[in-house]
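A closer look at the structure
Chain residues, written in single-letter form:
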Amino acid sequence: MKIVSLVLKYLPEHLADVQAGIERIPGAAVAQNDGKGQLIALIEDGEGYAVSDSIIAVHQVPHVMSVTLAYEYSDEVFATEEV
């Protein structure tokens, strides 16, 4: 499992477009929105897509001015290999 959180900046008048754009991305959801031009998006990996692909898609959402990675978690480090 991989999970990331991103902080996005946008112009407040584009809130609806940005939020809708995030919600269309596989594994992405808006977790917090201050309504003043900044929101937190969460992305979780899933069947058929990678977190990295969803992060790239967030960068391409119209009216998003900047994206900052705030948190990243992966439990793949703890997976054990069978010998």
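Quick notes on the rules
- Residues numbered from 1 in each chain as written.
- Predicted model: local features only at pLDDT ≥ 70, side-chain atom pairs only at ≥ 80, totals over all residues.
- Heavy atoms only, no water.
- Pairing = 2+ DSSP bridges.
- Helix = DSSP H or I, 4+ residues; strand = E, 2+ residues; numbered from the N terminus.
- Axes fitted to C-alpha atoms, helices over the stretch in contact; angles between N-to-C directions.
- Contact = heavy atoms within 4.5 Å.
- Buried < 20%, exposed > 50% of the residue type's maximum accessible area, 1.4 Å probe, protein only.
- Arc of directions from axis to C-beta.
- Core = buried A, V, L, I, M, F, W, Y, C linked by side-chain atoms within 4.5 Å.

**Structural notes on the sheet that holds strand E3 (residues 38-44)**
Hydrogen bonding along the main chain pairs the strands of a sheet, whether they run parallel or antiparallel. Read across the sheet, four strands follow the order E2-E3-E1-E4 without closing on themselves; strand pairing throughout is antiparallel. With partners counted over all chains shown, the strands left at the sheet margins are strand E2 (28-33) and strand E4 (64-74), one partner each. Neighbour to neighbour, the strand axes of the sheet diverge by 25 degrees on average, direction disregarded. When E2 meets E3, the two strands line up antiparallel, connected through five bridges. Bridge pairing in E3 links Val30 to Ala41. On top of the sheet, helix H2 (residues 51-59) reaches strand E1 (2-10), E3 and E4; it is set at about 5 degrees to E1, its chief contact.

**Focus: H2**
Three or more residues of H2 are buried, namely Val51, Ser54 and Val58. Looking down the long axis of H2, one finds its buried residues gathered within 60 degrees of arc, a one-sided arrangement. The elements touched by buried residues of H2 are E1, helix H1 (15-23), E3 and E4.

**Concerning the pairing of E1**
Sheet topology places E1 next to E4; nine bridges connect them, and they run antiparallel. Of the residues in E4, the one forming a bridge with Lys9 is Ser66. In the sheet, E1 pairs with E3 via seven bridges, with the strands oriented antiparallel. Residue pairing for E3: Leu6 is matched across the bridge by Ala41.

**Some points on the nonpolar core**
Grouped together as the largest cluster of nonpolar side chains are 17 residues, with contacts concentrated most on Leu8, Ile22, Leu39, Ile43 and Val58. Those elements that place two or more of their residues in this core are E1, H1, E2, E3, H2 and E4. Look past the residues within four positions of Leu39 in its chain and what remains in contact with it is Leu6, Val7, Leu8, Tyr10, Val18, Val30, Gln32 and Asn33.

**What about the environment of Ile22?**
On the secondary structure map, Ile22 appears in helix H1. Owing to a relative accessible area of 0%, Ile22 belongs among the buried residues under this scheme. Separated by 19 residues in sequence, Ile22 and Ile3 place their C-alpha atoms 15 Å apart. In contact with Ile22, other than residues within four places in its own chain, are Leu8, Ala28, Ala29, Val30, Ala41, Val58 and Val61.

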